[in-house]
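Letter by letter, the chains look like this.
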Amino acid sequence: MEADVLLFMGQSNMAGRGDAEKAPEVIPGAAYEYRAVSKPSELVPLKEPLGIEENRLGGVWEPGWKTGSMAAAFVNACYRITGRPIVAVSCSKGGSSIEEWRVEGSYYQDAVNRYEDCVNYLKSQNIGIHSISIVWCQGCTDGDLHTEKEVYKEKTLELFDGFFKLSVERIFLIQIGNQRDEPDLYVPIQEAQAEMAEERENILMISQQFKTFADKGLMKDLFHYKQEAYNLVGEEAGRKAGEYLIK
């Protein structure tokens, strides 16, 4: 067996605030979750909500908040293109700012530990690693905090570069959407994300759909989305990721 390792990271719209019952069933054999915190000695067939058991005191901790994400739709779409199973690692924290993801901080270190534990486990089981990537969706909190575009960009690139030094090959970037009632509030963060993807070959924008969903009635509150929206973004993002990974 050879697999693509994907770390699903960011804040609440990566963690998922949807309805797991309305997420698609994962294609049998398409994806497994490596639960570095709760079940570090096995792979578990992926199902929603991804990461619901992965809460670490002193690191990423949000028990009960992960209710349904884009992950199932993502892995299905990716697998349909590559034909390779995915090993998914969850490390997302709702409400987290980019400052909280600094390389000296506990969230980053928790993510590194989960990543390294996954890689070491796969090697111990003679499971080949075809590629290692991060799927990243974060920035709404920085929009709320009015983080300056260049500051957000600088700190995000520092985070990404920390992972590139650890043999992560690419960042699959999912652009954040809009705050439902103040649609211009997150524009500087969206612009920073678009610029990073334009300027760096190893940062790949794979979905910009979230910012279209307020007008379509697919937001459940000011910040989060209905499961249909997560499914749509997951399908698009997974397909585009698969197109990169098949090259």
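Above this text you will find the structure in question.
Below you will find a few notes about this structure. (Residues numbered from 1 in each chain as written. Predicted model: local features only at pLDDT ≥ 70, side-chain atom pairs only at ≥ 80, totals over all residues. Heavy atoms only, no water.)

### Focus on the pattern of salt bridges
Overall, the coordinates contain 18 salt bridges when judged by the stated rule. One salt bridge in this structure joins Glu-235 and Arg-80, with 3.9 Å as the shortest N-O distance. With Glu-235 in helix H7 (residues 227-245) and Arg-80 in helix H2 (residues 71-82), this residue pair connects regions lying 155 residues apart in the sequence. For Arg-80, a relative accessible area of 57% corresponds to the exposed category. Beyond isolated ion pairs, a larger network of salt bridges with shared partners links Lys-149, Lys-153, Glu-191, Glu-195 and Glu-199. (Salt bridge = Lys/Arg side-chain N within 4 Å of Asp/Glu carboxyl O. Helix = DSSP H or I, 4+ residues; strand = E, 2+ residues; numbered from the N terminus. Buried < 20%, exposed > 50% of the residue type's maximum accessible area, 1.4 Å probe, protein only.)

### Details of the side chain of Lys-153
Within the secondary structure, Lys-153 sits in helix H5 (residues 149-164). For Lys-153, a relative accessible area of 9% translates into the label buried. With near-sequence residues (within four places) excluded, Lys-153 lies in contact with Ala-192, Glu-195, Met-196 and Glu-199. (Contact = heavy atoms within 4.5 Å.)

### Some words on H7
A rise of 1.5 Å per residue sets the reference length of H7, with its 19 residues, at 27 Å; its end C-alpha atoms lie 26 Å apart and thus fit the reference within 8%. Among the residues making up H7, those that are buried are Gln-227, Ala-229, Tyr-230, Asn-231, Val-233, Gly-234, Glu-236, Ala-237, Gly-238, Ala-241, Gly-242 and Leu-245. Lining the buried residues of H7 we find strand E1 (2-10), helix H1 (12-15), H2, strand E5 (128-137), strand E6 (170-174) and strand E7 (203-207). (Expected span 1.5 Å × (residues − 1).)

### Considerations on the packing of H2 against H7
Axis separation between H2 and H7 bottoms out at 7 Å; the angle between their running directions is 30°. Here H2 is positioned roughly parallel relative to H7, judged by the angle of their axes. As H2 packs across H7, the resulting crossing turns out to be right-handed. For the pair H2 and H7, the contacting residues are Ala-73, Phe-74, Ala-77, Cys-78, Arg-80, Ile-81 and Thr-82 in the first and Asn-231, Gly-234, Glu-235, Ala-237, Gly-238, Arg-239, Ala-241, Gly-242, Glu-243 and Leu-245 in the second. Taken together, the residues of the contact of H2 with H7 sort by class into eight nonpolar, five polar and four charged. (Axes fitted to C-alpha atoms, helices over the stretch in contact; angles between N-to-C directions. Parallel < 35°, antiparallel > 145°, perpendicular 65-115°, else oblique. Left-handed = near helix turned anticlockwise from the far one by under 90°. Nonpolar A, V, L, I, M, F, W, Y, C, P; charged D, E, K, R; others polar.)

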